[in-house]
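Letter by letter, the chains look like this.
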Amino acid sequence: MSVMKKLPLAVVVSVIAQGAIAETQLDKQVVTLSHTPEQITDLSASVWVLEQDAIQTQLSMGKDLKDILAQLVPSIDPGTQGRTNFGQNLRGRSMAVSIDGISLNSSRAISRQLDSIDPFNIERIEVLAGANALLGGGATGGLVNIVTKKGQSKELGLDFKTAATSGFNGSDDGEYTLGTAISGGANVVQGRFSVSQTTRGAYYDANQDEVLVDVTQTSQQYTESLDLMSNVSVDVTPNSKFDVLVQRYENKSDGKHGLALGENLSSVFAGDIDAIENSDDLDSDAVPETIRQLVAANYNYSINDKHAFYIQAYSRSEELGFYPYVTTSLQALTASNQQTETTGAKFAFSSKLAGAHLVYGLDYSRESFEASQTLFDRTASLASGGLTNNKLYEMERYAPYDVESKAAFLQTSYQVMPALQVNAGYRFQNTETKVDDFVGVAQQALIQEHPAVASADAIEGGKNDYDVSLWNFGAVYDVAPTQQVWFGFSQGFELPDIAKYYGQGTYAQLPDANGNLALIDGISADEQGVDGIKTDSYEFGWRMQNQAFGSQVTVYQSKSDKVVELNTEDFTIDVKDSIRRTRGLEGSVELYPMDTIAVGTNFHYVRTHVRHDGKWLDASAFEASPSTLGAYVNYTTGAYNVQLQANHVTNAEGDYTNDLTDGERSEVVGYTLVDVSSSFKLPYGKLSAGIANLTDRDYTTIWGQRAMMVYAQGIPEELFEYKGRGRTYSLGYSVDF
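Residues numbered from 1 in each chain as written. Predicted model: local features only at pLDDT ≥ 70, side-chain atom pairs only at ≥ 80, totals over all residues. Heavy atoms only, no water.

### Topic: the overall build of the protein
Defined as follows: Each helix corresponds to a stretch of at least 4 residues labelled H or I by DSSP, and each strand to a stretch of at least 2 residues labelled E; elements are numbered beginning at the N terminus. Only the C-alpha atoms count toward the radius of gyration. The rule for a globule is 2.2 Å times the residue count to the power 0.38. In this scheme, a residue with accessible area under 20% of its type's maximum is buried, one over 50% is exposed, and one in between is partly exposed, where area comes from a 1.4 Å probe on protein chains only. Accessible surface area values rest on a Shrake-Rupley calculation with a 1.4 Å probe, where residue burial reflects the displayed protein chains alone. Note on charges: Lys and Arg go in the positive column, Asp and Glu in the negative column, and His and the chain ends are not counted at all. Taken as the charge location is NZ of Lys, CZ of Arg, CG of Asp or CD of Glu.
Counting its regular elements, the protein contains seven helices and 42 strands. Taking 737 residues into account, the globule formula puts the C-alpha radius of gyration at 27 Å, and the protein, at 26 Å, falls close to it. Here the C-alpha coordinates of the protein stretch approximately 80 × 55 × 55 Å along the principal axes. Burial status across the protein gives 58% buried among its 737 residues. As displayed, the protein offers around 28900 Å² of accessible surface, 54% of which is attributable to carbon and sulfur atoms. Taken as two groups, the 54 positive and 93 negative side-chain charges of the protein have centres that lie 8 Å from each other.

This is the structure in structure tokens:
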């Protein structure tokens, strides 16, 4: 392994080493997070790049995208093992997710960004920790950029992969993946076209009991996903390139399996936990689903070796369906469907002048959101225990709204001396929200069901404008050819969940003489605009890499001026002036004692506090990230590779600083998981095998424990206990022609 002046991050080498020690290459450590290629060592921030071999090693153990990120990036929280990535923070705060630089986040905080692509189509994943003034997009904890596979050769090629995972607990305990892609092109045109499909059956815990279907954020059990993707690039001239990405992703429930809640919903209203069980008798007019469509076009032009510009335009749409569940205020089962349409464009110019590198430009996005709520026939739902759900009528779930964002940005770096580089950046962003008038959900139901109620006053919508200036600066110093230290400061900005803030009001209990329900009090978008939240992030890091040793350690702090509080009765939010502070230490250590062996560890110690009544309190375990510790040993020789890894999640305790549990102490219980993987290169293709949760550890996922905290208000918490999977075995085969 040669040593270069421009080092890669030590952790990048470690990630590559996990499954492909001999293929570590220092000259490839370039990221495209800001849409212009940059050496990682020019950035005054922690950057993690998960290369193809590292991703494949984790896939061979049956892990999904959420668990892969948690295993390989120490500051990303454990995965949920469900459809949602709710609460899976980066450095204790929310993370933004993008595909080829196209943001998957929206103003409606539905955490399904990682339910967006099949790993078969992922080339690598770039993770930038901390807030980011250049990229924006609410990345207060950091950004995860998924880079898709593209056609690289003029020759015709075929990729094929198949894999299966099971715990052998029954005929329905199975997960099967099949993917194929064709790539190639001519002198100026290259492309890749792929189809990948995954069918999932039941999940079982370590006690060989079937894991209950998640009725809150929905599960992966009994689902089928399909990812259709096309990447085409055209070399318009020797100095310019045009490429287009088109993707359609679907992940739908099979429509047959659901959660039985007992006759007359006895588990919910009478506390009958024995009535809770999975069933294959679901007959519902609404089932969980994720449907995404993405179209993006990019144009790059190099004027000369010092000047270039980049143009991007995109359109993204998503439709997210949820599981039918009891709305206690309506005494009925309901299911929501939420739709978002986003369009945007970015223009960036890159210039290198007298030792300085400037990137500047404009970006624009417009987002439209609307949501509906289906109410099902009560008689059929009650009699079937929530399994027969016939649509009675549909109403608006949240106030529809539009969000328009315009920004100008400038990022510059300057080589002060051969060993010292400084950088600074500025982003000015204007965001305008326009919220429609909205009639309360309960009042819409009364209009539908009671002849005496003919109408209801609307809660006033309105417009709000947010102007925000975001700064960043930092420095990178080469201590030696194999060592670097850096300091970074950056600011991020985010809007709290608009849908859960607006459209809330108090109405008269009885209609007037005209059958109208009068609005007593409501949150007006014009008069009570939700406050935005700005986050300041600081970090100091050190990294070292040589032929036998690699390490990176970063200490960081982020601080925001406001906190978001959740009301568990109606799941609305409030924003209060209070300081939220997150401090942490993250890092990795790698040793390469032999060409065939690599051992390493990564760690993340994190604490989140909220300023409350003049005191610093631990943030609630519902939202605070747990600390983690991981380790691995990898052996590679010839065509054979084997890896043993472990990941420990610590307990996390905290004080609720709002009305969730009236100030009581909360706790999330940690666990340790051990996995093993192996692969063997055949004359044609590669065979892989793995075992996840090797010790068959019985545990409840972090998400399951948090769901019990927030949803079990007068309802048995067993209904929300989403258990972790027990020991599972995976076998796969892949080949490239």
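We are not done yet, so read on.
### Remarks on the nonpolar core
This is how the line gets drawn: Grouping buried Ala, Val, Leu, Ile, Met, Phe, Trp, Tyr and Cys residues that are joined through side-chain atoms within 4.5 Å yields what is termed a nonpolar core. A contact between two residues is defined here by any heavy atoms of the two lying within 4.5 Å.
Among the nonpolar cores identified, the biggest contains 40 residues, and Leu-259, Leu-261, Leu-719 and Phe-720 are the most heavily contacted of them. Among the secondary structure elements, those contributing two or more residues to this core are strand 13 (258-260), strand 18 (325-327), strand 19 (332-353), strand 40 (671-681) and helix 7 (702-711). With seven residues, helix 7 is the largest single contributor of residues to this core. Dropping the residues within four chain positions of it, Phe-720 is found in contact with Val-215, Thr-216, Tyr-325, Gly-704, Ala-707, Met-708, Tyr-711, Ala-712 and Ile-715.

### Quick look at the pairing of strand 23 (residues 401-417)
Convention followed: Pairing between strands requires that DSSP locate at least two bridges from one strand to the other.
Here strand 20 (residues 356-376) pairs with strand 23 via 14 bridges, running antiparallel. Bridge pairing in strand 23 places Arg-366 opposite Glu-404. Bridge count for strand 23 against strand 24 (residues 420-435) is 16 bridges, and the pairing is antiparallel. In the sheet register, Met-417 faces strand 24, and the bridge partner there is Leu-420. A loop of two residues connects strand 23 with strand 24, the two strands running antiparallel in sequence.

### So, the environment of Gly-141
Residue position: Gly-141 is located in the loop between strand 6 (122-129) and strand 7 (142-148). Given a relative accessible area of 1%, Gly-141 falls into the buried group. Remark: the alpha-carbon pair of Gly-141 and Arg-91, spanning 50 residues in sequence, is separated by 5.5 Å. Not counting chain neighbours up to four residues away, the residues in contact with Gly-141 comprise Leu-90, Arg-91, Arg-93, Ser-94, Ala-129 and Gly-130.

### Structural notes on empty space enclosed by the protein
Note the cut-off: Here a cavity denotes grid points, spaced 1 Å and computed from the protein atoms alone, that fit a 1.4 Å probe unable to get out, and a pocket denotes an open set having protein on both sides within 12 Å along at least 5 of 7 lines; residues with an atom within 4 Å of a point are the lining. Grid points are joined across faces, edges and corners, and a volume is the space filled by probe spheres set on the points. In this classification, Asp, Glu, Lys and Arg are treated as charged, Ala, Val, Leu, Ile, Met, Phe, Trp, Tyr, Cys and Pro as nonpolar, and every other residue, Gly included, as polar.
Tallied over the full model, the rule gives nine cavities of 30 Å³ or more. By volume, the largest cavity is sized at about 90 Å³. Lining of the largest cavity is provided by Arg-83, Val-213, Asp-214, Thr-218, Ser-219, Gln-221, Tyr-222, Thr-223, Ser-253, His-257, Pro-288 and Tyr-323. Of the residues contributing to the lining of the largest cavity, the split by class is four nonpolar, six polar and two charged.

### Comments concerning a nonpolar patch on the surface
Put simply, the rule reads: Patch construction takes residues with relative accessible area above 30% that form no salt bridge. Like charges are linked within 9 Å, and nonpolar side chains (Val, Leu, Ile, Met, Phe, Trp, Tyr) are linked within 5 Å. We define a salt bridge as a contact between a side-chain nitrogen of Lys or Arg and a carboxyl oxygen of Asp or Glu at a distance within 4 Å.
Taken together, the side chains of Phe-473, Phe-487, Tyr-538, Phe-540, Val-555, Leu-585 and Tyr-605 define a hydrophobic patch exposed on the protein surface, amounting to about 640 Å² of accessible area. Turning to its location among the elements, Phe-473 is positioned in strand 26 (residues 462-480).

### Considerations on unusual backbone geometry
A positive phi angle, close to 55°, is found at Leu-265, a residue other than glycine. Tracing the sequence through the fold places Leu-265 in the loop between strand 13 and helix 4 (266-269). The phi torsion at Ala-354 lies on the positive side, around 50°, for a residue other than glycine. Here Ala-354 falls in the exposed class, since its relative accessible area comes to 78%.

### Things to note about the pattern of salt bridges
For the coordinates displayed, the defined rule picks out 25 salt bridges. Put simply, Glu-539 and Arg-91 hold a salt bridge, and the shortest N to O gap is 2.9 Å. Here Arg-91 lies in the loop between helix 3 (65-72) and strand 4 (95-99) and Glu-539 lies in strand 31 (residues 533-545), a separation of 448 residues in the sequence. Given the relative accessible area of 7%, Glu-539 is considered buried.

### Thoughts on the environment of Gly-492
As for its position among the elements, Gly-492 is in strand 27 (residues 483-494). Along the sequence, Gly-492 and Ser-384 sit 108 residues apart, while their C-alpha atoms lie 48 Å from each other. For Gly-492, the residues in contact, after removing those within four places along its chain, are Ala-131, Thr-140, Leu-470, Ile-533, Lys-534 and Thr-535.

### So, the side chain of Gln-58
Put simply, the rule is: Counted as a polar contact is a pair of N or O atoms within 3.5 Å, where, for protein atoms, one must be capable of donating a hydrogen and the other of accepting one, and residues adjacent in sequence contribute only when both atoms are in side chains.
Checked against the element boundaries, Gln-58 lands in helix 2 (residues 52-59). Classification of Gln-58 as buried rests on a relative accessible area of 0%. A distance of 3.0 Å separates polar atoms of two side chains, one belonging to Gln-58 and the other to Gln-645.

### Looking at helix 7
When you tally the buried positions in helix 7, you get 10 out of 10 residues, the bulk of the element. Buried within helix 7 we find Ile-702, Trp-703, Gly-704, Gln-705, Arg-706, Ala-707, Met-708, Met-709, Val-710 and Tyr-711.

### Quick look at the packing of aromatic side chains
Aromatic ring pairs are defined here through the distance separating the ring centres and the angle between the ring planes. Here is the rule: Think of it this way: a Phe, Tyr or Trp ring, Trp meaning its six-membered ring, pairs with another when their centres are within 6.5 Å, and the plane angle makes it stacked under 30 degrees, edge-to-face over 60, tilted otherwise. Only Lys NZ and Arg CZ are tested; either one counts as a charge over a ring when it is within 6 Å of the ring centre and within 35 degrees of the ring normal.
Counting across every chain of the model gives 19 aromatic pairs. Measuring from ring centre to ring centre gives 4.4 Å for Tyr-426 and Trp-471, while their planes differ by 45°; the resulting arrangement is tilted. With Tyr-426 in strand 24 and Trp-471 in strand 26, this pair connects stretches of sequence that are 45 residues apart. Their ring planes at 40° and their centres at 6.3 Å tell us that Phe-473 and Phe-487 sit as a pair that is tilted. In this pair, Phe-473 sits in strand 26 while Phe-487 sits in strand 27, placing the two residues 14 residues apart along the sequence. A relative accessible area of 40% means that Phe-473 is categorised as partly exposed. The exposure class of Phe-487 is partly exposed, given its relative accessible area of 33%. Counting every residue linked through ring pairs, the aromatic cluster contains Phe-86, Tyr-325, Phe-622, Trp-703, Tyr-711 and Phe-720. In this structure, Arg-91 packs its charged tip against the face of Tyr-556, placed 4.5 Å from the ring centre. Across the ring face of Phe-322, the terminal group of Arg-112 is positioned such that the distance to the ring centre comes to 4.5 Å.

### With respect to the packing of helix 2 against helix 3
Using the following cut-off: The axes used here are C-alpha line fits, helices contributing only the stretch in contact, and every angle between their N-to-C directions lies in the interval 0 to 180 degrees. By definition, turning the near helix anticlockwise from the far helix through less than a right angle yields a left-handed crossing, and turning it clockwise yields a right-handed one.
Two elements in contact, helix 2 and helix 3, have axes whose closest approach is 10 Å; the angle formed by their N-to-C orientations is 115°. By crossing handedness, the relation of helix 2 to helix 3 is classed as right-handed. Facing helix 2, whose interface residues are Ala-54, Ile-55, Gln-58 and Leu-59, helix 3 presents Ile-68, Gln-71 and Leu-72. Here the contact of helix 2 with helix 3 is composed, by residue class, of five nonpolar, two polar and no charged.

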